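Topology and contacts: notes
So you can see what is in the structure, the chains are spelled out below.
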Amino acid sequence: MIDFEQANDGIRIQLQIGTESREIFTRYLIAADGMSSKIRKKLHPDGFLQKTPKGAMNYYCTGEGDLDPNGLYMVNIKEYAPIMFAWIYKKDDLWVIGTGAEYDLKGYADRFYDDVGEKYNFKGEIARKEGFASPLKGGVYLGEDNILLCGDAAGLLDAYRGVAMDNAALSARFAVQAILDAEKTGTKAISYYVQKMGPMKRQMVVNEKSVRLSLLRMKCIIWHKSASDSDPCRPPNLEQVGQRFRTMSATY
Ligand SMILES: Cc1cc2nc3c(=O)[nH]c(=O)nc-3n(C[C@H](O)[C@H](O)[C@H](O)COP(=O)(O)OP(=O)(O)OC[C@H]3O[C@@H](n4cnc5c(N)ncnc54)[C@H](O)[C@@H]3O)c2cc1C
């Protein structure tokens, strides 16, 4: 989709299919075009950040260690992952070792990578680093009239759980149901959609507050340590952490 414009009785959409340009007309539009959604940009231009400090970082690594290649390791320790959890898994031939943070992302990622090396006797090389960040601001935006945003375009990433695929799938289902309801009554689809999305949106607000609280606690810990330790931001290594290093390993 290249562009769209609202007309009285529907939406005109410009498409580019290969080298061919085409214009189509529709009564409803579901925006499932991800975090950089053109549709969100046009309807809600204030819903984007110029620059975002928070994000996730993956280190793609060659090498081996005492790690289960069929496992997904989720490390729930704030020193490695202040906003959700840090992770290790093997994809194709590379180990993916990553975490998310709102600030000093590289510091957290390096610390986690180093300590995974110690804990799991991991010997390898970082083949590639990749960062991901959400450009969205202002929380959830569901659209207007008969244009409904779902998934990442609507801002449905749950920062507390660190996942969004379930919200994306569920919101797309609600969008279709809202359109079917609108067809029956002639009311704009957005009013049904907002209603159906209410519980998910409320849960996201609750989860966002939990993230804020845990970030606040994390900042206090660093501040407190900096008064006494020679290396203030250095967490205890994984052996010292002992039982606190909780991993979940699932075979898939
Ligand atoms: C590194 C990383 C790890 C993740 N891990 C997890 C995880 O473990 N669990 C989880 O639940 N979620 C995870 N997520 C989030 C999850 O991938 C997304 O929330 C989910 O894919 C959102 O689905 P979506 O359909 O809204 O958007 P997307 O999956 O981004 O799909 C949008 C689609 O729209 C297309 N598109 C964009 N613009 C246009 C246009 N103008 N015209 C036509 N097509 C267009 C894009 O090409 C794309 O195919 C992760 C995300 C990242 C970046």
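Residues numbered from 1 in each chain as written. Predicted model: local features only at pLDDT ≥ 70, side-chain atom pairs only at ≥ 80, totals over all residues.

When its secondary structure is counted, the protein chain shows 5 helices and 11 strands. Counting over 252 residues, the protein chain shows a buried share of 26%. (Helix = DSSP H or I, 4+ residues; strand = E, 2+ residues; numbered from the N terminus. Buried ≥ 20, exposed ≤ 12 C-beta atoms within 10 Å, placed from the backbone.)

This part covers the site of the ligand. What surrounds the ligand is a group of 16 residues, the closest being Gly34, Gly151, Val163, Ala164 and Met165. Looking at the shell around the ligand element by element, the count peaks at 3 residues for helix α3 (residues 165–185). Broken down by class, the residue content of the shell around the ligand amounts to 10 nonpolar, 2 polar and 4 charged. (Near = placed C-beta within 6 Å. Nonpolar A, V, L, I, M, F, W, Y, C, P; charged D, E, K, R; others polar.)

In this section: helix α2 (residues 105–119). Over its 15 residues, α2 runs 21 Å from end to end, which matches the ideal 21 Å to within 8%, given 1.5 Å per residue. Regarding α2, the residues found buried are Leu105, Tyr108, Ala109, Phe112, Tyr113, Asp115 and Val116. Asn121 occupies a position one or two residues after α2 and carries a positive phi of about 55°. (Expected span 1.5 Å × (residues − 1).)

On to the sheet that holds strand β11 (residues 147–149), then. Overall, mixed pairing links the 3 strands, which are arranged β4-β11-β10 in an open sheet. This sheet does not close on itself; its edge strands, each paired only once, are β4 (29–31) and β10 (143–144). Where β10 and β11 come together, 2 bridges link them in antiparallel fashion. Within the sheet, the bridge partner assigned to Gly143 lies in β11 and is Leu148. (Pairing = 2+ DSSP bridges.)

Below, the discussion takes up the sheet that holds strand β5 (residues 55–64). Ordered in space as β6-β7-β8-β5-β9, the 5 strands form an open sheet in which the pairing is antiparallel. Each of the sheet's edge strands pairs with one partner strand only, and the pair in question is β6 (73–75) and β9 (123–132). Between one strand axis and the next, the sheet turns through 20° on average, direction left out of account. Where β5 meets β9, 9 bridges bridge the pair, whose relative direction is antiparallel. Paired with Tyr59 across the strands is Lys129, a residue of β9. In this fold α2 packs onto β5, β7 (86–91), β8 (94–101) and β9, with an angle of close to 140° to the strand it touches most, β8. (Axes fitted to C-alpha atoms, helices over the stretch in contact; angles between N-to-C directions. Contact = placed C-beta atoms within 7 Å.)

The terminal C-alpha atoms of α3, which comprises 21 residues, lie 31 Å apart, in line with the 30 Å expected from a rise of 1.5 Å per residue. Among all positions in α3, only Asn167, Ser171, Ala175, Ala178 and Ala182 are buried. Each buried residue of α3 lies within a common arc of 80° when the element is viewed along its axis, so the set occupies one face. Along α3, exposed side chains directed more than 90 degrees from the buried face belong to Met165, Asp166, Ala169, Arg173, Leu180, Glu183 and Lys184. Remark: Gly186 follows α3 within two positions and exhibits a positive phi of approximately 85°. (Arc of directions from axis to C-beta.)

Right, let's talk about the nonpolar core for a bit. If you look at the biggest cluster of nonpolar residues, it comprises 25 residues, and the most contacted ones within it are Ala81, Ile88, Ile97, Tyr108, Ala109 and Phe112. Top contributing element to this core by residue count: α2, with 6 residues. Excluding its chain neighbours within four sequence positions, the residues that come into contact with Ala81 are Val75, Ala86, Thr99, Gly100 and Tyr108. In this structure, Leu149, Ala189, Tyr192 and Met197 belong to the second largest nonpolar core, which totals 21 residues. (Core = buried A, V, L, I, M, F, W, Y, C linked by C-beta atoms within 7 Å.)

So, to be careful, I would describe these as geometric facts and stop short of saying anything about function.
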